[in-house]
Amino acid sequence: MSERVVIVGGGAIGLSCAWRAAAAGFAVRLIDEPSPRSGSWVAGGMLAPITEAWPGEESLLELGSQSLARWPAFAERLSAEGGDVGLTAHGTVVAGTDSADAEVLDMLAGHLAGVGRQVHEVDAAALRELIPGLGPSVRSGLFVPEDLAVDNRRLLTALQEACRVHNVLSHGGHVERVEPGAVTFADGSTVDGDVVIVAAGAWSALLHPALATAVRPVKGEILRLAHRPGALPPPVHTVRARVEGRAVYLVPRDDGLVLGATQYEAGFDEGVKVSGVRDLLRDAEVVLPGLAEYSLAEAGVGFRATSADNLPLIGWVEPGVMVASGHHRNGLLLAPLTADAVLDLLQGNELPDVARPTDAARLNKERTA
């Protein structure tokens, strides 16, 4: 196959699509303007569709579950071609710290049971066996042993290397617009291709008129905490918690924890708010008081690419232009499924059944409604 594919965006979605397309024989050029604010760079790395579930988002739950099932093979192949991605399979503990939080977790467990997903309800004593050092206010929770986690920055490095192995050409620069057959940069230069794929995360809306109101940035602060000698070791399991109604998560790393995440409708505001850092640290200490002995290694802001219905946008925007964006909190989780779906489309097939809810054709229906 000699069809030329140009992919705009070098996060987990763009890189995964580039890798899979190039491995299948397409001539792929990847265009990226790296940002420390990209969702992939600052992500926690949770691959946890069950604990992300919420009533009314059953399609997203099914998407996430199907993609989670593809992750072990995806990671094994990627590790062979690009390097270790830091995939772990210790599951997720979800903790509630007051009676209202416990009621929400009970509701979530009931909802999941109703849609055929099993979680293990555990009391405070069982939680403390799973997570030593939990704070005294933690009352009860859930355990999802099937959840995975990945080191997001190792993943990006591995994907970049795998793309090099398969001769993906990389091109930097600020993209001004995308149209059938061409990508135009701010300086007026262009890169041509038979198919252009917009996978620029939260910035996708700036590149094509059809995406202008379809994808928006949702800001979130995220912290990295480094373990210090004498401090309580990081937990083995990913910890999600509700603290007086606020959500917080702690994802283990070899040298500490990733702690997140706030959520604001604030456009592309890049400032790390003092109140955001304060709230994350306060709530995390309620869950694991020993974190007070860690050091604050990084405080950053990332922008989630979010659609109106929280479902990704995958598919043709117009002949010659495709989108793979709008993954909100689930870009890393949905990378294998998205790459498979994009490859199907490039090969002239329809979207697979599991990916039908993501079909970008719904943009046309929204515009004509």
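Every chain is numbered independently, its residues counted from 1 as its sequence is written. Predicted model: local features are reported for residues with pLDDT of at least 70 only, side-chain atom pairs are reported and counted for 80 or more only, and whole-chain, interface and lining totals are derived from all residues. As a rule here, side-chain values cover all heavy atoms of the structure and leave hydrogens and water aside.

- As annotated in an unreviewed UniProt entry, the protein chain is glycine oxidase from Herbihabitans rhizosphaerae.
- UniProt positions are given in the numbering used here, feature names are shortened, and annotations may be inferred rather than shown by experiment. Heading Pathway (unreviewed entry) of the UniProt record for the protein chain holds this comment: "Cofactor biosynthesis; thiamine diphosphate biosynthesis."

## Observations concerning the overall build of the protein chain
Piece 1. Strands are runs of DSSP state E lasting at least two residues, helices are runs of H or I lasting at least four, and both sets are numbered from the N terminus onward. Along its length, the protein chain carries nine helices and 19 strands.
Piece 2. Relative to its length of 369 residues, the protein chain is compact, with a C-alpha radius of gyration of 20 Å against a globular reference of 21 Å.
Piece 3. Judged by the C-alpha coordinates and their principal axes, the protein chain covers about 60 × 45 × 40 Å.
Piece 4. Only the protein chains shown count as cover for residues, and all accessible areas are computed by the Shrake-Rupley method using a 1.4 Å probe. Here the protein chain displays about 15100 Å² of accessible surface, and carbon together with sulfur accounts for 52% of that area.
Piece 5. Counted as positive: Lys and Arg. Counted as negative: Asp and Glu, with His and the chain ends omitted from the count. Lys charges are placed at NZ, Arg charges at CZ, Asp charges at CG and Glu charges at CD. Here the protein chain holds 30 positive side-chain charges and 46 negative ones, and the gap between their average locations is 3 Å. We compute the radius of gyration from the C-alpha atoms alone; for a globule the expected value is 2.2 Å times N to the 0.38, where N is the number of residues.

## Considerations on the UniProt feature "domain: FAD dependent oxidoreductase" (unreviewed entry) in the protein chain
Piece 1. Mapped onto this numbering, the UniProt entry gives "domain: FAD dependent oxidoreductase" (unreviewed entry) at residues 4–344.
Piece 2. From the first C-alpha to the last, residues 4–344 spans 15 Å; its make-up is 30% helix and 30% strand.

## A few points about the domain arrangement of the protein chain
Piece 1. Per the domain assignment, the segments making up the protein chain are domain 1 (4–48 + 152–214 + 308–367) and domain 2 (92–144 + 217–304).
Piece 2. Marked domain ranges trace back to an automatic or database domain assignment. Measuring from the centre of the C-alpha atoms in domain 1 to the corresponding centre in domain 2 gives 30 Å.
Piece 3. Contacts between residues were defined by any pair of non-hydrogen atoms, one from each residue, lying within 4.5 Å. Across the boundary between the two partners, domain 1 contributes 17 residues, which contact 20 residues of domain 2.
Piece 4. When two components associate, each loses some accessible surface as probed by a 1.4 Å sphere; the sum of these losses over both components is called the buried area. Summing both partners gives a buried area of about 1500 Å² for domain 1 against domain 2, and 54% of it is carried by carbon and sulfur.
Piece 5. The working definition used for a salt bridge is a side-chain nitrogen of Lys or Arg within 4 Å of a carboxyl oxygen of Asp or Glu. Between domain 1 and domain 2 we count three salt bridges in total.

## Thoughts on the pattern of salt bridges
Piece 1. Applying the stated criterion across every chain yields a total of 25 salt bridges.
Piece 2. Ionic pairing is found between R70 and D340, a salt bridge with its closest N-O pair at 2.7 Å. On the criterion of sequence distance, the pair formed by R70 in helix 3 (residues 58–82) and D340 in helix 8 (residues 335–346) is long-range, its members being 270 residues apart.
Piece 3. Among the salt bridges present, the one from D309 reaches R362, with a minimum N-O distance of 3.1 Å. Placement of D309 in the loop between strand 17 (295–307) and strand 18 (313–318) and of R362 in helix 9 (residues 362–368) is noted, with a sequence separation of 53 residues between them.
Piece 4. Three labels apply to residues, based on accessible area from a 1.4 Å probe with only protein chains included: buried if under 20% of the type maximum, exposed if over 50%, partly exposed otherwise in between. Judged by relative accessible area, D309 falls into the partly exposed class, the value being 35%.

## Looking at the environment of V6
Piece 1. With respect to the secondary-structure elements, V6 resides in strand 1 (residues 4–8).
Piece 2. Taking C-alpha positions, V6 is 9.8 Å from V168, a pair spaced 162 residues apart along the chain.
Piece 3. Residue contacts for V6: discarding those within four places in its chain leaves R29, I31, V183, V191, D192, G193, V195, V196 and I197.

## Some thoughts on helix 4 (residues 99–114)
An α-helical turn contains 3.6 residues, so any two residues separated by three or four positions project in the same direction.
Piece 1. To estimate the expected span of a helix, subtract one from its residue number and multiply by 1.5 Å. Over its 16 residues, helix 4 runs 23 Å from end to end, which matches the ideal 22 Å to within 8%, given 1.5 Å per residue.
Piece 2. The complete set of buried residues in helix 4 reads D101, A102, L105, L108, A109, H111 and L112.
Piece 3. In this fold, the buried residues of helix 4 make contact with helix 3, strand 4 (92–96), strand 5 (120–123), strand 6 (140–144) and strand 14 (238–243).
Piece 4. Two N or O atoms form a polar contact when they lie within 3.5 Å of each other; inside protein one atom must be a possible hydrogen donor and the other a possible acceptor, and for residues adjacent in sequence the pair counts only when both atoms belong to side chains. In this structure D98 caps helix 4, since a side-chain oxygen of it lies 3.1 Å from the backbone nitrogen of A100.
Piece 5. Note on helix 4: the residue one or two positions beyond its end, G116, has a positive phi of about 80°.

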